[in-house]
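Chain residues, written in single-letter form:
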Amino acid sequence: MVKIVKADVNHVAGICDVCAKGQWATYGDIYSNEYIERIIKEYYEPERVTKEVTQTSKEWGGYFVAVENGQVIGAGGGGLTSDTVGELYVLYMDPDRRNEGVGTLLLKAITEQQKQLGAKEQWLSVQRGNMKGIPFYEAKGFQFKHEQKGYGNKEGEDYISLRYYRNI
Ligand SMILES: CC(C)(COP(=O)(O)OP(=O)(O)OC[C@H]1O[C@@H](n2cnc3c(N)ncnc32)[C@H](O)[C@@H]1OP(=O)(O)O)[C@@H](O)C(=O)NCCC(=O)NCCS
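Just so you know, these numbers come straight off a predicted model, no measurement behind them.

## Here we look at the site of the ligand
- What surrounds the ligand is a group of 22 residues, the closest being N99, G101, G103, T104 and K140.
- One of the backbone nitrogen or oxygen atoms of L91 is found 2.8 Å away from a nitrogen atom of the ligand.
- Placement of the ligand is best described as lying within the largest pocket.
- For the shell around the ligand, the secondary-structure elements that each account for two or more residues are α1 (12-27), β4 (85-93), α4 (102-116), β5 (121-127) and α5 (134-139).
- Residue contributions to the shell around the ligand peak at 4 residues, all from α5.
- When grouped by side-chain class, the residues that make up the shell around the ligand number 10 nonpolar, 8 polar and 4 charged.

## Concerning the nonpolar core
- Counting residues in each nonpolar core, the largest one holds 25 residues, and the members touching the most others are I15 and Y63.
- Contributions of two or more residues to this core are made by α1, α2 (33-43), α3 (46-54), β2 (63-68), β3 (71-82) and β4.
- Here this core gets 7 residues from one element, more than from any other, and that element is α1.
- Look past the residues within four positions of I15 in its chain and what remains in contact with it is A7, V49, V53, Y63, V65, V72 and A75.

## Quick look at the layout of surface pockets
- Here the largest pocket is characterised by a volume of approximately 970 Å³.
- Every residue lining the largest pocket is counted, 43 residues in all, and those nearest its centre are Y89, V90, L91, Y92 and Y137.
- Of all the secondary structure elements, the ones that give two or more residues to the lining of the largest pocket are α1, α3, β4, α4, β5, α5, β6 (143-149) and β7 (160-167).
- The greatest single-element share of the lining of the largest pocket, amounting to 7 residues, is contributed by β4.

Cut-off values and rules
Residues numbered from 1 in each chain as written. Predicted model: local features only at pLDDT ≥ 70, side-chain atom pairs only at ≥ 80, totals over all residues. Heavy atoms only, no water. Near = heavy atom within 4 Å. Polar contact = N/O pair within 3.5 Å; in protein donor to acceptor, adjacent residues only side chain to side chain. 1 Å grid on protein atoms, 1.4 Å probe; cavity = no way out; pocket = protein on both sides within 12 Å on 5 of 7 lines; lining within 4 Å. Sits in = over half its atoms within 2 Å of the grid points. Helix = DSSP H or I, 4+ residues; strand = E, 2+ residues; numbered from the N terminus. Nonpolar A, V, L, I, M, F, W, Y, C, P; charged D, E, K, R; others polar. Core = buried A, V, L, I, M, F, W, Y, C linked by side-chain atoms within 4.5 Å. Buried < 20%, exposed > 50% of the residue type's maximum accessible area, 1.4 Å probe, protein only. Contact = heavy atoms within 4.5 Å. Points joined across faces, edges and corners; volume = space filled by probe spheres on them.

Here is the structure:
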């Protein structure tokens, strides 16, 4: 049985693993290896994620994880960018466990947290061309708003993110 729980230090290794696998499976065809490696090293390494599960606030509500038999199979998290606006910062399923409805449960938990804090709308960035993410968000009622420069671009890189939002 899959459970959705607020992550703690016991989930750090699982979060790093699922998010790193998710990065390769999602962006392997559209981004350079160097870019993916850089993102994984920066965001999905134990020291940072330990802080992110122990130091939470309105701005960063911590990770939620989908756990099955003690194993993390999905992870995500968000926070508020203003009193009424939520942001989904990260959401990855184990690539072998997509399309079973579990990402929906994770998004629901993150959204409930944001609603309880007063959010009335929810935003996210998704990389242009990410067809493993965009159809999911559109199925959940998110609408495309505008393009912006991708986060973490180095000189010579021009990856583009799409901003999506929905009312919650
Ligand atoms: C995005 C992600 C977290 C969703 O989790 P998931 O467990 O696979 O999604 P679910 O099974 O809960 O839901 C799938 C939903 O998306 C819809 N969907 C998925 N692929 C679709 C497609 N190609 N076309 C139309 N709808 C699609 C399904 O219809 C379903 O909607 P419903 O619940 O209204 O029926 C997961 O697929 C993932 O890890 N993707 C790769 C990583 C990624 O892109 N993350 C986002 C980075 S910004």
